[in-house]
Amino acid sequence: MSISNQQGGGASQAELIILRARLDLLQRKLDFFESIINELPNPVFAKNSDARFCFFNKAYESFFHVRREEMLNRTVLELDHLSPEERRHYQKEDEEAIRGGGEVHYETSYKTDRGLRSSLYWARGFVSPGFEQKGLVGVIVDISSLKCLEQELERRVEELEEARRELRQMSLTDELTALPNRRFFEMRLQEGVLIAARHNVTVSLFMADIDYFKNINDRFGHDSGDVVLCDVAEVLRRTCREADIVARFGGEEFIGLLPLTHLHDARTLAERIRKAVKEFCVRPDGEPLTVSIGIAEFQCGESGERLKKRVDEALYRAKENGRDQVSE
């Protein structure tokens, strides 16, 4: 073949060999890059300027349980694994991102053959260098396990919060009678005294003591004594107002904070309690149970401790004067 023939007949054999070698190298590079993307655990996809799929990796096929040959050159509007509403929404987003080169990212959920999967969706419109070809590339990150962990953590936090509330309740409640305990009462007493002093209103206290309780424990045992304590607690719950704070103060003693209550009203309530205990509560030997009760009304300027001391002194007088009575 002459030089003129070579020049007039197009590319030479050597040039074709070089061209094929370059194409082969390019194909190997493309295969290599595709293999890399296929090994990624997250679904990756690409779309052309018409918002049609031109590539997606094996993770995408596995995630949505679809086959490549059924998906390529199709738009989101043609996908069976998405609802009609989702298809329209995603197609609009794709077209806007491709047209303006924008970015889209949000958290969403997809129905797959493994059930509902929570995912992070990211996509960006781009223009390929040299070809000025627009397109879209995106990735989906499956965060279902993280969402499950998040829900589990939320559940555990709720359980811990509930346990904390229960522990706090236990710390403020008498375990035997389920009445508030001394600690709770002391807090409310201080509040009640402050309110009474600040707003010039009255508040009263009563303290009740089960008569001869030690004798009950000694003769019939502590289990019988516990029954008696619970019976008296129930009478107090039924007899006192909802606004009253009634607590087991310790041993066989009960104490009550009576807001907006004058001394004569406190006496009326105390007498009602005394009679109810005698009527509804019995000792283990069948004899009526009795209580002694002291009452006191808040005096301007005194502390909660002072008011509590006066009601304790009134209770002592009731016991000294023969028990089964109310004293002030």
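Notes on the structure in this doc start here.

### Some words on unusual backbone geometry
Negative phi characterises most residues that are not glycine, and trans characterises most peptide bonds.
Item 1. Despite not being glycine, Asn200 shows a phi value in the positive range, around 55°.
Item 2. Following the sequence through the fold, Asn200 ends up in the loop between helix H7 (182-199) and strand E6 (203-210).
Item 3. With a phi angle near 50°, Leu260 is a residue other than glycine that sits in the positive phi range.
Item 4. By secondary structure assignment, the location of Leu260 is in the loop between strand E8 (253-259) and helix H10 (263-280).

### Brief notes about the packing of aromatic side chains
Item 1. This structure, assessed with the given rule, holds twelve aromatic pairs.
Item 2. Seen in terms of ring centroids, Phe56 and Tyr60 are 5.0 Å apart; in terms of plane orientation they differ by 40°. Their pairing is tilted. In terms of burial, Phe56 and Tyr60 fall into one category: buried.
Item 3. Taken together, Phe45, Phe53, Phe56, Tyr60, Phe63, Phe64, Tyr90, Tyr106 and Tyr121 form an aromatic cluster joined through their ring pairs.
Item 4. Lying across the ring of Phe53, Lys47 places its NZ or CZ 4.6 Å from the centre.
Item 5. Between the NZ or CZ atom of Arg323 and the centre of the ring of Tyr212, over which it lies, the distance is 4.4 Å.

### Section: the nonpolar core
Item 1. In terms of nonpolar packing, the biggest core is built from 28 residues, with Phe206, Ile210 and Ile293 touching the most fellow members.
Item 2. Elements supplying a minimum of two residues to this core: E6, helix H8 (213-220), helix H9 (222-239), E8, H10 and strand E9 (291-297).
Item 3. The residues contacting Ile210, other than those within four sequence positions of it, are Val228, Leu229, Val232, Glu252, Phe254, Leu289, Thr290, Val291 and Lys319.
Item 4. The next biggest cluster of nonpolar side chains, apart from the first, holds 21 residues, and it includes Phe63, Ala97, Val104 and Tyr110.

### Notes on the pattern of salt bridges
Item 1. All told, the structure shown has 33 salt bridges when counted by the stated rule.
Item 2. With a closest N to O distance of 2.3 Å, Lys47 and Asp94 form a salt bridge. Placement of the pair is Lys47 in strand E1 (residues 44-47) and Asp94 in helix H5 (residues 84-100), with a sequence separation of 47 residues. Summarising the burial analysis for this pair, Lys47 and Asp94 share the class buried.

### Quick notes on a nonpolar patch on the surface
Item 1. Among the surface-exposed residues, Leu19, Leu23, Leu26 and Leu30 lie close enough to one another that they form a single nonpolar patch of about 380 Å² accessible area.
Item 2. Locating Leu19 in the fold gives a position in helix H2 (residues 13-39).

Calculation criteria
Residues numbered from 1 in each chain as written. Predicted model: local features only at pLDDT ≥ 70, side-chain atom pairs only at ≥ 80, totals over all residues. Heavy atoms only, no water. Helix = DSSP H or I, 4+ residues; strand = E, 2+ residues; numbered from the N terminus. Phe/Tyr/Trp six-rings, centres within 6.5 Å; stacked < 30°, edge-to-face > 60°. Buried < 20%, exposed > 50% of the residue type's maximum accessible area, 1.4 Å probe, protein only. Lys NZ or Arg CZ within 6 Å of the ring centre and 35° of its normal. Core = buried A, V, L, I, M, F, W, Y, C linked by side-chain atoms within 4.5 Å. Contact = heavy atoms within 4.5 Å. Salt bridge = Lys/Arg side-chain N within 4 Å of Asp/Glu carboxyl O. Patch = residues over 30% accessible without salt bridge, like charges linked within 9 Å, V, L, I, M, F, W, Y side chains within 5 Å. Areas by Shrake-Rupley, 256 points an atom, 1.4 Å probe, with all protein chains shown as cover.

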